[in-house]
Amino acid sequence: MPTAVEVAPSILAADFACLGDAIRAVESGGVTTLHVDVMDGHFVPNISIGVPVVASLRKATRLTLDVHLMIENPEQYIEAFAAAGADMISVHQEATPHLDRALGMIREHGCKPGAVINPATPVATLSEVLDKLDHVLVMSVNPGFGGQAFIPGALGKIRQLQELRRSYNYAFRIEVDGGIGPENVAQVVRAGAQILVAGTSVFHTPDPAQAVRSMIQQASEALAQRV
Ligand code: DX5
Ligand code: ZN
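What counts and how
- Residues numbered from 1 in each chain as written.
- Chains lettered and ligands numbered in written order.
- Predicted model: local features only at pLDDT ≥ 70, side-chain atom pairs only at ≥ 80, totals over all residues.
- Heavy atoms only, no water.
- Helix = DSSP H or I, 4+ residues; strand = E, 2+ residues; numbered from the N terminus.
- Polar contact = N/O pair within 3.5 Å; in protein donor to acceptor, adjacent residues only side chain to side chain.
- Contact = heavy atoms within 4.5 Å.
- Donors = N, O, S within 2.8 Å, 3.2 Å for Na, K, Ca; no water.
- Tetrahedral: all angles 85-135°; square planar, octahedral: opposite > 155°, others 65-115°.
- Buried < 20%, exposed > 50% of the residue type's maximum accessible area, 1.4 Å probe, protein only.
- Near = heavy atom within 4 Å.
- Areas by Shrake-Rupley, 256 points an atom, 1.4 Å probe, with all protein chains shown as cover.
- Nonpolar A, V, L, I, M, F, W, Y, C, P; charged D, E, K, R; others polar.
- Phe/Tyr/Trp six-rings, centres within 6.5 Å; stacked < 30°, edge-to-face > 60°.
- Pairing = 2+ DSSP bridges.
- Right-handed = clockwise from strand over helix to strand, strands pointing away.
- Axes fitted to C-alpha atoms, helices over the stretch in contact; angles between N-to-C directions.
- Left-handed = near helix turned anticlockwise from the far one by under 90°.
- Salt bridge = Lys/Arg side-chain N within 4 Å of Asp/Glu carboxyl O.

(A) Structural context of the side chain of Thr121. For Thr121, the location among the structural elements is in the loop between strand E5 (112-117) and strand E6 (135-139). Reaching out from Thr121, the side chain makes a polar contact with the side chain of Glu94 at a distance of 2.6 Å. Excluding residues within four positions of it along the chain, Thr121 makes contact with Gln93, Glu94 and Lys157.

This is the structure:
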């Protein structure tokens, strides 16, 4: 029996002046995890939010805070994000020559470690750390911006990870991020994804609570078909 699937709204697509309202809306839609995109203008060509915003989110909600670091030198900031209240911290495979060390640091600071792979990065680059991961985040867009189209190549990577997890009994969850919405929820869940990050398809709708509710429903129907 596969574990339940979660929809993790990405606040990147919310109105930053009204984050409290955005959080309450998705909480009432039944989500348990909030995805927080941190961008530094170097690793990705955009700047978003940093440690103080994570600290404010922590005060505003008990949802799991899933912090996605799209930054260079992620090791330098792990302690600060952990202290600010992150529950999950993901670092890009491409952003550090010391992925193993970074993952160890995340765990030492009491958070769940995740590794992220860009669309051009093969699953095989994570083979030596798969046993150390709480989650693998498969990018289904090139990171840096919300509102981009889903890259179908992500499906093959999710299937590969699902197969590795099954064959070797790994504990990691599979997360997918970018261009996720009602049109592809079933596909990514059937491929093996368990955490679906969704920004535009949640917050750029008239009713974000209803948007997450209906994606959660779609995801659980797709999961039932997978059993
Ligand atoms: C992209 C971010 C995503 C993004 C998803 O760099 O990592 O989390 O906010 O947004 P949508 O769902 O709009 O593609
Ligand atoms: Zn993200």
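Next, the rest of the story.
(B) Fine view of the side chain of Ser10. Structurally, Ser10 can be placed in the loop between strand E1 (6-9) and helix H1 (19-28). Not counting residues up to four positions away in its chain, the partners in contact with Ser10 are His35, Asp37, Val197, Ala198, Gly199 and Phe203.

(C) Seen up close, the coordination of the zinc ion (ligand 2). His35 (NE2), Asp37 (OD), His68 (ND1) and Asp177 (OD) make up the full set of protein donors to the zinc ion (ligand 2), lying at 2.0 to 2.3 Å. Geometry at the zinc ion (ligand 2) is octahedral, judged from the six donor atoms that bind it and their angles of 69 to 170° at the metal. When the donor residues of the zinc ion (ligand 2) are listed from N- to C-terminus, their spacing reads H-x1-D-x30-H-x108-D. Residue classification places His35 among the buried positions, given a relative accessible area of 0%.

(D) Main features of the site of ligand 1. Around ligand 1 lies a shell of 20 residues, among which Asp37, Gly144, Asp177, Gly199 and Thr200 are the nearest. Gly179 is positioned with one of its backbone polar atoms (N or O) 2.8 Å from an oxygen atom of ligand 1. For ligand 1, whose unbound accessible area comes to 380 Å², protein coverage reaches 99%. Breaking the shell around ligand 1 down by element, the ones donating at least two residues are strand E2 (33-39), strand E3 (64-70) and strand E8 (195-198). When residues in the shell around ligand 1 are grouped by element, the largest group, three residues, is from E2. Broken down by class, the residue content of the shell around ligand 1 amounts to eight nonpolar, ten polar and two charged.

(E) Inspection of the packing of aromatic side chains at higher detail. Evaluation of the coordinates by the stated rule reveals two aromatic pairs. The interplanar angle of 40° and the centroid separation of 5.8 Å between the aromatic rings of Tyr168 and Tyr170 together place this pair among those described as tilted. Taking relative accessible area as the criterion, Tyr168 reaches 57% and is therefore assigned exposed. Relative accessible area serves as the criterion here: at 22%, Tyr170 is assigned to the partly exposed category. Site record: aromatic cluster; members linked through ring pairs are Tyr168, Tyr170 and Phe172.

(F) Highlighting the pairing of E8. Across the two faces of E8 the burial is the same, with Ile195 and Val197 and Leu196 and Ala198 all buried. As defined by bridge partners, strand E7 (residues 173-177) adjoins E8 across three bridges and the pair is classed as parallel. Among the inter-strand pairings, Glu175 is bridged to a residue of E8, identified as Ile195. You can see the chain leave E7, run along helix H6 (residues 185-191) and come back into E8, and the turn it takes is right-handed.

(G) Expanded view of the packing of H1 against helix H8 (residues 208-226). Relative orientation of the contacting elements H1 and H8 amounts to 35°, with a least axis distance of 7 Å. For the pair H1 and H8, the crossing hand works out as right-handed. In contact with Ala25, Val26 and Ser28 of H1, H8 contributes Pro208, Ala209, Val212 and Arg213.

(H) Region of interest: the pattern of salt bridges. Applying the stated criterion across every chain, the model contains six salt bridges. Here Arg58 and Asp87 are joined by a salt bridge, their closest N and O atoms 2.8 Å apart. With Arg58 in helix H2 (residues 51-60) and Asp87 in the loop between helix H3 (75-84) and strand E4 (88-92), this pair connects stretches of sequence that are 29 residues apart. Measuring nitrogen to oxygen at the nearest pair gives 2.7 Å for the salt bridge that ties Arg173 to Asp134.

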